[in-house]
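This is what each chain is made of:
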Amino acid sequence: LGVFVLDRPSQVGVALECAGATTALAGIYLALGSTAWLAGALTALAAAAALAALRPDRRIVYGVAAGLLALFAVWAWLLNAEVTTVEAYTAPVAALMLAAGLFGWRSAPGRSWLTLGPAVVLAIGPTLGLGLLNGDTLRLVLAALLCLAAVLAGAVRRLQAPLFLGAAGLVVLGIDEWGGYLVALPRWITLGAVGVVLMWVGATFEHRRRDWRRASDAIGHFR
């Protein structure tokens, strides 16, 4: 009420907002006994916060609140439906963090490690970790696709975080897929391959160093 009725912040408006927040918390507390009621209450509060965010002077505060309430509402609905898939809970968080990161990037461009890095880690990490731990082929394929998408997005948009995190995920997947075969090879083959690579690097050292310097300079210009 304090958000919609009063045009400018005042002591009365702040008091009404505090009373409304207290009432909302009390409603959430009372709804904790039922997942369905909790999900419904969080959904209603998310919609109210989104409407309150239409006020220019309240856009950030209520926008963040609306996003968090919507996230908690999604989790509550998933719990009510007895969904146990981990990605069903991590994907909404990653999407919310990505949206916030993109919004922050457009407002004040900065380092992608701060704005986009957490979202990329949360989107890829749980799926990749569970896929490797349980040998889940579907999760591994999904993780590979997410890593590839991150690498492509980082390369096209010149962003370090998606590029490096996606590449690291692909390296981990490659080691998991082919590491066993490499270990099982006869030692003379692996040693011979390493020797050939070292000879090739030594013979083309100056050229490789120039390539590495150019690549480092190019990546250094990525955000």
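Residues numbered from 1 in each chain as written. Predicted model: local features only at pLDDT ≥ 70, side-chain atom pairs only at ≥ 80, totals over all residues. Heavy atoms only, no water.

### Notes on the overall build of the protein
Point 1. Tallying secondary structure elements over the protein gives eleven helices and zero strands in all.
Point 2. Going from N to C terminus, the protein has its helices and strands arranged as α-α-α-α-α-α-α-α-α-α-α.
Point 3. Residues counted as buried form 26% of the 223 residues belonging to the protein.
Point 4. Of the contacts made within the protein by residues no fewer than 6 positions apart, 56% connect residues no fewer than 24 positions apart. (Helix = DSSP H or I, 4+ residues; strand = E, 2+ residues; numbered from the N terminus. Buried < 20%, exposed > 50% of the residue type's maximum accessible area, 1.4 Å probe, protein only. Contact = heavy atoms within 4.5 Å.)

### Some thoughts on the nonpolar core
Point 1. Ranked by size, the top nonpolar core spans 14 residues in total, and within it I28, L38, L42, A49, Y62, L69 and A76 carry the most contacts.
Point 2. Counting only elements with at least two residues in this core, the list comes to α3 (35-52) and α4 (59-80).
Point 3. In terms of residues, this core owes the most to one element, α3, which gives six residues.
Point 4. With residues up to four places along the chain from it excluded, the contact list for L69 reads L42, L45, A46 and A49. (Core = buried A, V, L, I, M, F, W, Y, C linked by side-chain atoms within 4.5 Å.)

### Let's talk about α3
Point 1. Taking 1.5 Å of rise per residue, the 18 residues of α3 would be expected to cover 26 Å, and the 25 Å separating its terminal C-alpha atoms lies within 8% of that figure.
Point 2. Those residues of α3 lying buried are L38, A39, L42, A46, A49 and A52. The buried residues of α3 all sit within an arc of 145° when viewed along its axis, so they share a single face. (Expected span 1.5 Å × (residues − 1). Arc of directions from axis to C-beta.)

### With respect to the pattern of salt bridges
Point 1. One pass over the structure, following the stated rule, counts two salt bridges.
Point 2. The residue R139 makes a salt bridge to E87 at a minimum N-O spacing of 2.7 Å. Taken together, the residues span a long stretch of sequence, with R139 in helix α8 (residues 137-157) and E87 in helix α5 (residues 87-107) at a distance of 52 residues.
Point 3. Accessibility expressed as a relative area gives 14% for E87, which makes it buried.
Point 4. With a shortest N-O distance of 3.2 Å, R139 and D136 are connected by a salt bridge.
Point 5. On the accessibility criterion, D136 (25% relative accessible area) is partly exposed. (Salt bridge = Lys/Arg side-chain N within 4 Å of Asp/Glu carboxyl O.)

### Describing the confidence of the model for the protein
Point 1. Averaged over all residues, the pLDDT of the protein is 77; the fraction at 70 or higher stands at 70%.
Point 2. Mean pLDDT values for the elements of the protein range from 46 in helix α1 (residues 2-5) up to 92 in α8.
Point 3. Every residue in residues 1-8 is under pLDDT 50, and counting partners more than four places away or in other chains gives 20 contacts. (pLDDT = per-residue confidence, 0-100.)

### A few points about the packing of aromatic side chains
Geometrically, a pair of aromatic rings is defined through the distance of the ring centres and the angle of the planes.
Point 1. On inspection of all chains with the given rule, the structure shows two aromatic pairs.
Point 2. A centroid spacing of 5.8 Å and a plane angle of 45° characterise the contact between F72 and W75, whose relative ring orientation is tilted. Remark: W75 and F72 occur in helix α4; sequence separation between them is three residues, near one turn of the helix. (Phe/Tyr/Trp six-rings, centres within 6.5 Å; stacked < 30°, edge-to-face > 60°.)

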